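Residue-level structural notes
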Amino acid sequence: MVTPDQYSFLSRRDQEKAAYNDEISYSDLSRPDNNICGYSANGSIPSSTKFHSQHLSSYEYEKPQNLPNYSSLHKYGYQRYKHRRRKSSKGDDLHSARDDFDEDQRKCGVWPALFCGFGALVAIGLIVLLCNYVEKKSKIEKEEKANLKISLIFTDMWNDIHLHRIAKTIIAAQEAAEKAEKLPQKPSLPLCAAIPATLDGLTKDVHLNIEVDINDIIKTHSDIQAGGEWKPPSCISRHRLAIIIPYRDRWSHLKVLLYYLLPVLKRQQIHFRIFVVEQYGNFTFNKGRIMNAAYREALKMFDFHCVTFHDVDLVPEDDRNIYSCGEHPKHMSTAIDKFNYRLPYEGLVGGVLTFRVDHFQLVNGYSNMYWGWGGEDDDMTYRILARNLRVFRSPGNIARYKMVKHVGRTVSSIRLKLLRTAAKRARLEGLNNVPYKLLFTHMEKLFTHFMVDIGKP
Ligand code: BGC
């Protein structure tokens, strides 16, 4: 048992131990009201403080049953030792110093601790948020710097390429200029005359029954490029012309035609290329189809703006009949010896017919439906008129031709029936849908030879 006097000289730990073990009644022990939350600086309860007993008297503190001894209790800490409190009936001498300590702890230690803990948590949270923010910001800044670096690299690269290209172009232009200066200057060619002075006019010297050797013609026209292209050497031609000759089994006729036609074209100063289109196989002849097919193939290999469809058996007699194209399709074989140099009927465009390329496409070429001799040229007349074009005819005194005599082909039996629907069919069938297969293209010395399969009737 420790008296209050002795108690005041004990250390804090001993005071607690004594109070606990002896269940000291220390109603005389003084505890200052103005310092109810604590001890003095050295941890002991100051002996000089005035004691007030009434603030403890209303409660009885009871030690629980099976209480462990002090040392084991101390080991687990005061917070684990829970007191059960109830209203006192016996007075204020039952409570212990230990109870007071716990009570003070509860009143003075728990709330500030909770408050401090909460504050600390908030502070930690803020610090974590701040750290995250700083980290994110620095990350974004780093990424932006990296992106800027990449875009600068690409800009530099593009500038390099662009400048390199410009430099290359300048150097090439300089080199070309230097080369041109060194070369002897070739004067640019003048435009050929509209009516060349080289024309002979009408010739009486056309003989259809002569034997011609193709090699002789080739020798005479060695200036014609393989494939049959020629252009005047001393001037720039006003006309770039493709001559399309539909052909089958008429080699002797073709030779005669070339023999007489080539000098005429040269004298007319035409830039020309000759295409001979042959129908493959033995099925009935279809002139419209093979002429359409040849036109399409010729376009792929020669840049022309006029096209002449030329029967193989018609030989020109007058070089004033110019192979040129103009405002309207031009019928050139107005006067044929077979018809006593007279047009057999109004509307005939058969024989030799010249188009501007855009006109031929406008009328959708020839009909593909005429098998056998005749009709396809009459159908063309309807196509021309249906497109508001007219037929221009070379004057009969110069549009003179001689026709080679030959056995006629099988006449088309349905040609007159087909002609009734010619204008209606013009847009539906023709150049736009000609069925053909190009079997080969041969570059002959004097012409380009197409072999086409157009099927059968
Ligand atoms: C034919 C044409 C031919 C003309 C002149 C007509 O009956 O249908 O194709 O050009 O005669 O021979």
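Residues numbered from 1 in each chain as written. Predicted model: local features only at pLDDT ≥ 70, side-chain atom pairs only at ≥ 80, totals over all residues.

Some words on the overall build of the chain
On a plain count of helices and strands, the chain comes out with 11 helices and 14 strands. Counting across all 457 residues of the chain, residues that qualify as buried make up 29%. Sequence-distant contacts in the chain: of pairs separated by 6 or more residues, those separated by 24 or more amount to 81%. (Helix = DSSP H or I, 4+ residues; strand = E, 2+ residues; numbered from the N terminus. Buried ≥ 20, exposed ≤ 12 C-beta atoms within 10 Å, placed from the backbone. Contact = placed C-beta atoms within 7 Å.)

Digging into the site of the ligand
By nearness alone, every residue bordering the ligand is listed as P344, G350, G374, G375, D377, D378 and R415. Among the residues making up the shell around the ligand, the classes are represented as 1 nonpolar, 3 polar and 3 charged. (Near = placed C-beta within 6 Å. Nonpolar A, V, L, I, M, F, W, Y, C, P; charged D, E, K, R; others polar.)

Focus on the sheet that holds strand β12 (residues 400–403)
Sheet strands associate in pairs through backbone hydrogen bonding, adopting either a parallel or an antiparallel arrangement. Strand order across the open sheet formed by 3 strands is β7-β12-β9, with mixed pairing between neighbours. The outermost strands of the open sheet, each flanked by one partner alone, are β7 (314–316) and β9 (335–336). As paired elements, β9 and β12 share 2 bridges and run parallel to each other. When the bridges of β12 are listed, I336 appears paired with Y401. (Pairing = 2+ DSSP bridges.)

Quick look at the pairing of strand β10 (residues 352–356)
Consecutive side chains along a regular strand alternate between the two faces of the sheet. The buried fraction of β10 is high, at 4 of 5 residues. Where strand β6 (residues 306–310) lies against β10, 5 bridges are found, and the strand directions are antiparallel. What sits directly across from V307, in β10, is F355. Two elements, strand β8 (residues 330–331) and β10, share 2 bridges in a ladder whose sense is antiparallel. Considered in β10, the bridge of K330 is made with T354.

Re helix α9 (residues 376–386)
By the criterion of burial, α9 is predominantly enclosed, with 9 of the 11 residues buried. Burial in α9 covers these residues: E376, D377, D378, D379, M380, T381, Y382, R383 and I384. Looking at the buried residues of α9, the elements they touch are α7 (287–301), α10 (415–420) and α11 (422–425). N388 sits one or two positions beyond α9 and adopts a positive phi of about 60°.

Quick look at the nonpolar core
Grouped together as the largest cluster of nonpolar side chains are 63 residues, with contacts concentrated most on I244, F275, V277 and A294. Considering each element in turn, this core owes the most residues, 9 residues, to helix α6 (residues 251–267). Sequence-distant contacts of F275, that is, excluding residues within four places in its chain, are made with A242, I243, I244, A294, A298, F447, T448 and F450. (Core = buried A, V, L, I, M, F, W, Y, C linked by C-beta atoms within 7 Å.)

Brief notes about the environment of N368
Looking at the element boundaries, N368 is found in the loop between α8 (357–362) and α9. Excluding its chain neighbours within four sequence positions, the residues that come into contact with N368 are G288, R289, N292, E429, G430, V434 and P435.

Here we look at the confidence of the model for the chain
Looking at the chain, the pLDDT average stands at 81 and 72% of residues meet or exceed 70. Here residues 23–65 is modelled with pLDDT under 50, and outside its nearest four sequence neighbours on either side it reaches 68 contacts, counting other chains as well. Considering only residues more than four positions removed or in separate chains, one finds that residues 70–97, a stretch of pLDDT under 50, has 44 contacts. (pLDDT = per-residue confidence, 0-100.)

Overview of the pairing of β12
Examined bridge by bridge, β7 and β12 share 3 bridges and lie antiparallel to one another. Across the sheet, the residue bridging to L314 is M403, located in β12.

Observations concerning α6
Under the 1.5 Å per step criterion, the end-to-end length of α6 is 25 Å for 17 residues, consistent within 8% with the ideal 24 Å. Of all bends in α6, the biggest is about 25°, found at L261, and the proline P263 comes one to four residues later. Buried within α6 are the following residues: H253, V256, L257, L258, Y259, Y260, L261, L262, V264 and L265. If you follow the buried residues of α6, they end up packed against α5 (214–220), β5 (271–279) and β7. Positive backbone phi, at 55°, marks Q269, one or two positions downstream of α6. (Expected span 1.5 Å × (residues − 1). Bend = angle between axes of the 7 residues up to and from the residue.)

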